[in-house]
Amino acid sequence: MTVSDPRPLVGEPVSLDLLNTRWMADGVRQDLLTSVEGLGVWLRSNGLDGRFRADDVTLRHTLAARDALGSLVDRPGDPDATARVDAVLGHGRIRATLTAEGPGEKAEFADPAWGPGWTAARDYLHLLRTNPERIRECAHEACILHFFDTSRNGTRRWCSMAACGNRAKASRHYARTKDN
């Protein structure tokens, strides 16, 4: 039986999606990566399940990558956080390839258990290269989710307008009407 992904926000770039394996529900922190089964859900959600195994070692390495990325997102430019992400990146490399279809690249790992975490860390490098100012944390005070702002004008504030954005609007409306 395949377990569905319980998280309120999916589909973000893989680096931010890894951070979003922790979220808040009714004021309680949830964590998808407390088990190998949860890792399997995350791997499936990101199309990584055909490349990497959900096992205890992969879970441990993926958690290390999540913690390193979380430190860097919370403290951009911090030397320790940067070193931790760089250490994750040290577990893999890209090899240039040439096939009948043309030039390409292939990720290689001394230990494939580092693959999911390395993939997320490499994706974060891509986000930093393209638009680092669009890597955001949800503006709702009770939310801990992250997103990559793809809005045209770059002013998205909420992980989801339907959830956090709507809660913020309702809270402001309540505050205005309460005072009247």
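Above this note sits the structure.
Rules behind the numbers
Residues numbered from 1 in each chain as written. Predicted model: local features only at pLDDT ≥ 70, side-chain atom pairs only at ≥ 80, totals over all residues. Heavy atoms only, no water. Core = buried A, V, L, I, M, F, W, Y, C linked by side-chain atoms within 4.5 Å. Buried < 20%, exposed > 50% of the residue type's maximum accessible area, 1.4 Å probe, protein only. Helix = DSSP H or I, 4+ residues; strand = E, 2+ residues; numbered from the N terminus. Axes fitted to C-alpha atoms, helices over the stretch in contact; angles between N-to-C directions. Left-handed = near helix turned anticlockwise from the far one by under 90°. Contact = heavy atoms within 4.5 Å. Nonpolar A, V, L, I, M, F, W, Y, C, P; charged D, E, K, R; others polar. Salt bridge = Lys/Arg side-chain N within 4 Å of Asp/Glu carboxyl O. Phe/Tyr/Trp six-rings, centres within 6.5 Å; stacked < 30°, edge-to-face > 60°. Lys NZ or Arg CZ within 6 Å of the ring centre and 35° of its normal. Parallel < 35°, antiparallel > 145°, perpendicular 65-115°, else oblique.

Draft legend 1. Layout of the nonpolar core. Formed by 40 residues in total, the largest nonpolar core has its most connected members in L16, L18, W42, L69, V85, Y124 and C159. Top contributing element to this core by residue count: helix α3 (residues 56-74), with six residues.

Draft legend 2. Examining the packing of α3 against helix α4 (residues 79-89) more closely. Contact geometry of α3 with α4 gives a least axis separation of 8 Å together with a crossing angle of 145 degrees. The way α3 lies across α4 gives a crossing that is left-handed. Taken together, the residues of α4 that come into contact with α3 (itself represented by A65, D67, A68, L69, S71 and L72) are A81, T82, R84, V85 and V88. Its residues placed into classes, the contact of α3 with α4 shows seven nonpolar, two polar and two charged.

Draft legend 3. Expanded view of the environment of L145. Mapped onto the elements of the fold, L145 is located in the loop between β5 (135-137) and β6 (146-148). In this structure the C-alpha to C-alpha distance between L145 and S160, which are 15 residues apart in sequence, comes to 9.6 Å. Leaving out residues up to four positions away in the same chain, L145 has contacts with P8, L9, N20, R22, W23, R136, E137, C138 and C159.

Draft legend 4. Examining the pattern of salt bridges more closely. Inspection of every chain in the model, using the stated rule, returns eleven salt bridges. Note that R53 and D55 form a salt bridge whose closest N and O atoms lie 3.7 Å from each other. In the salt-bridge network here, residues are joined through shared partners; they are D5, R7 and D17.

Draft legend 5. Representation of the packing of aromatic side chains in the model. Summed over the entire model, instances satisfying the criterion amount to two aromatic pairs. Taken together through their ring pairs, the aromatic side chains of F52, F109 and W118 make up a single cluster. Of note, R156 hangs over the ring of F147, and the distance from its end group to the ring centre comes to 4.0 Å.

Draft legend 6. Seen up close, the packing of helix α2 (residues 36-45) against α3. Orientation of α2 relative to α3, taken along the N-to-C sense of each, is 70 degrees, at an axis distance of 9 Å. By the angle class used here, α2 and α3 are roughly perpendicular. With respect to the hand of their crossing, α2 and α3 are arranged in left-handed fashion. In this structure, α2 uses V36, L39 and W42 to contact α3, whose residues at the interface are D56, T58, L59 and T62. Of the residues assigned to the contact of α2 with α3, the class counts are four nonpolar, two polar and one charged.

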